[in-house]
Amino acid sequence: GFKRLSVPSTATLAIALLYFTCVILVSQSALRSRLQRSIENIASHISATTDEHIEWFSWKTDSQYKQNQQANLVLADAYSYVETPVDDNSKEEEPKIPSMPLVRLPGWPSEFPESLDDYRRDVLSNTSWATDDLKHRAEIAPYVWHHRGLADKLSEQSQSTDAQTSHAALREMSRLGILPTPSARRANAYFVVLLRNRELNQFLSTLRQLEDRFNKRYHYPYLFLNDEPFSQRFMQFVAASTTSNVTFATIPTDHWSMPEFVDEAEAREARRRMKESNVIYGGSLSYRHMCRFNSGFFYKHPLLKNVDWYWRVEPGVDFYCDLDYDPFMYMQENGKLYSFVIALKELEATIPSLWQHTLEYMQKTNVTSDLMSFFVSKSGNYNLCHFWSNFEIASLNWLRSDAYESYFKYLDRAKGFFMERWGDAPVHSIAAGMLLNRDQVHFFDDIGYRHESFMHCPDTANSMSMKLRCQCPKRKNFDSTEGSCLPRWKEYVPNQWTQRDTNEALRMMREARIVNSVYDPKIVVERRRWYSFFSGF
């Protein structure tokens, strides 16, 4: 049989536990002693070496990273540096500001009084201006600066009759990766960028992508607009980050202020209510100025007066695909007047009365179009679909047309930009529905693009060409989500909209409003009664 094992006594277990504890403590002491001796040896070795040995540890610092980042930001040998003061309390060294030549535009004033504030007040108080354009031109003149890009300079030099000058320019263009583009094949177009000084870092990333993906081959100029003067830091870094021409300007006060027919107290109360209702940007006045400016004023800016096309760019957006053709020329040669990349639904709480005012305007002007039906639901109401205007390539001549200007002025007098929160995207989109036909609006499927969490990427799975040209991140394509209006766009068949459709939609909308006000659900009525009762306490 088996022998019974004896169970050790409590005293025996205590002695064993004490023994193992002593062994562990002795081992730790020995290890600590060896580690201390090793550290002392290393310290004495380092102190005996020269400074050049310490460079072995340079990978632990971010100095090399900063140098690489600075090198990517500016063009080699194209400028000199100007030192800027560094805050001793700052953890990171302030990047050095490049010194790029900024000049006045030809034909614009170049000398101004010392006090620009007094100058501006004098301009705005002068009532003898022959046109608003002359007034606006005079107001913004002190803040208009221009930098002629290397692409423009070198292209001109490459056409020189002097062989040495021409060859030197071509060699420099090759070194900088500037591709010569015949000016005859370029449209009369600008990139238009509305942003503020604090958005510089966001925009530099966007600019780098836009240049790499497209503009390094075409060198279209940029126009930067701000409701405040751009800082030297902003202008210098932007000018150093592209080989194209760049112009910086402010926005005329008339284009970025509340009109006289809007009561400021009422507008302030409207913002308060929308903010309490958690409407996005509901409490922001500056956002309303931006929407109104983009809806009806940016195309009137003096610097865009003689320009035919614009490509709107915003800071922080991404471009994912190489473009091997010119979108401006495509629009111009194919009769397109407006284009988009993302189509989605607007937040109804921001535009509660926009559709009613639109229908009333259409009724007065007898609008007919084969695109309007795209924006209308079966009930005759606005289906909230719109082309997202943070990306748009469009005709400035269309926006400057009497038809578009008439619609904008009607909406402006309705006060919805301030009493509600009408966005420029639904305004542009509905205007396109009224004034353009289906074949005049283009969807740029091959432009990979992201704004905030909304991304459009071409079908790279079934197209080898797109796969080679695009580098889209692994995230959900907004086109396939429920909020996208792109499926509706692709399925839409042009359907003529007439005055009869306008009258019917207006009738249905008014009847629905009456029904909703008369036949409120009982629970809503009871809830209102109790709210009224308790509000007295």
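These numbers come from a predicted model, not from an experiment.

Q: What should I look at first to understand the nonpolar core in this one?
A: Counting residues in each nonpolar core, the largest one holds 70 residues, and the members touching the most others are Phe298, Phe374, Phe387, Tyr407 and Trp489. Listed in part, the 47 residues of the second largest apolar core include Phe237, Phe319, Leu344 and Ile393.

Q: What is the right way to look at a nonpolar patch on the surface in this model?
A: A contiguous nonpolar surface patch, about 280 Å² in accessible area, is contributed by Ile280, Tyr281 and Leu347. Inspection of the secondary structure puts leucine 347 in the loop between strand 10 (343-345) and helix 12 (354-365). On the accessibility criterion, leucine 347 (45% relative accessible area) is partly exposed.

Q: It is not clear to me how the packing of aromatic side chains should be interpreted in this structure. Could you clarify?
A: Given two aromatic rings, one states the distance between the centres and the angle between the planes to describe the pair. Counted by the stated rule, this structure contains 48 aromatic pairs. A centroid spacing of 4.4 Å and a plane angle of 20° characterise the contact between phenylalanine 340 and phenylalanine 387, whose relative ring orientation is stacked. Of this pair, phenylalanine 340 sits in strand 9 (residues 338-340) while phenylalanine 387 sits in strand 11 (residues 385-387); the two residues are 47 residues apart in sequence, bridging distant segments of the chain. Comparing phenylalanine 340 with phenylalanine 387, the two get one shared label, buried.

Q: Is there a simple way to explain the packing of helix 14 (residues 402-413) against helix 16 (residues 424-435) in this structure?
A: Two numbers describe a pair of packed helices, the interaxial angle and the distance between the axes. Contact geometry of helix 14 with helix 16 gives a least axis separation of 11 Å together with a crossing angle of 135°. With respect to their mutual orientation, helix 14 and helix 16 come out oblique. Judged by the sense of rotation from one axis to the other, the crossing of helix 14 with helix 16 is right-handed. For the pair helix 14 and helix 16, contact is made by Ala403, Tyr404, Tyr407 and Leu411 and by Val427, His428, Ile430, Ala431, Met434 and Leu435, respectively.

Q: Honestly, the side chain of arginine 421 in this entry has me stumped. Any pointers?
A: By the secondary structure assignment, arginine 421 is in the loop between helix 15 (416-419) and helix 16. Buried within the structure, arginine 421 lacks any salt-bridge partner; glutamate 346 is the closest side chain of opposite charge, at an N-O distance of 4.2 Å. Within polar-contact distance, the side chain of arginine 421 engages the backbone oxygen of isoleucine 280 at 2.7 Å. For arginine 421, the residues in contact, after removing those within four places along its chain, are Met274, Ile280, Tyr281, Tyr287, Arg288, Glu346, Thr350 and Gly416.

Each value, and the rule that gives it
Residues numbered from 1 in each chain as written. Predicted model: local features only at pLDDT ≥ 70, side-chain atom pairs only at ≥ 80, totals over all residues. Heavy atoms only, no water. Core = buried A, V, L, I, M, F, W, Y, C linked by side-chain atoms within 4.5 Å. Buried < 20%, exposed > 50% of the residue type's maximum accessible area, 1.4 Å probe, protein only. Patch = residues over 30% accessible without salt bridge, like charges linked within 9 Å, V, L, I, M, F, W, Y side chains within 5 Å. Areas by Shrake-Rupley, 256 points an atom, 1.4 Å probe, with all protein chains shown as cover. Salt bridge = Lys/Arg side-chain N within 4 Å of Asp/Glu carboxyl O. Helix = DSSP H or I, 4+ residues; strand = E, 2+ residues; numbered from the N terminus. Phe/Tyr/Trp six-rings, centres within 6.5 Å; stacked < 30°, edge-to-face > 60°. Axes fitted to C-alpha atoms, helices over the stretch in contact; angles between N-to-C directions. Parallel < 35°, antiparallel > 145°, perpendicular 65-115°, else oblique. Left-handed = near helix turned anticlockwise from the far one by under 90°. Contact = heavy atoms within 4.5 Å. Lys, Arg positive; Asp, Glu negative; His and termini not counted. Polar contact = N/O pair within 3.5 Å; in protein donor to acceptor, adjacent residues only side chain to side chain.

Geometric values such as these leave the question of function open.
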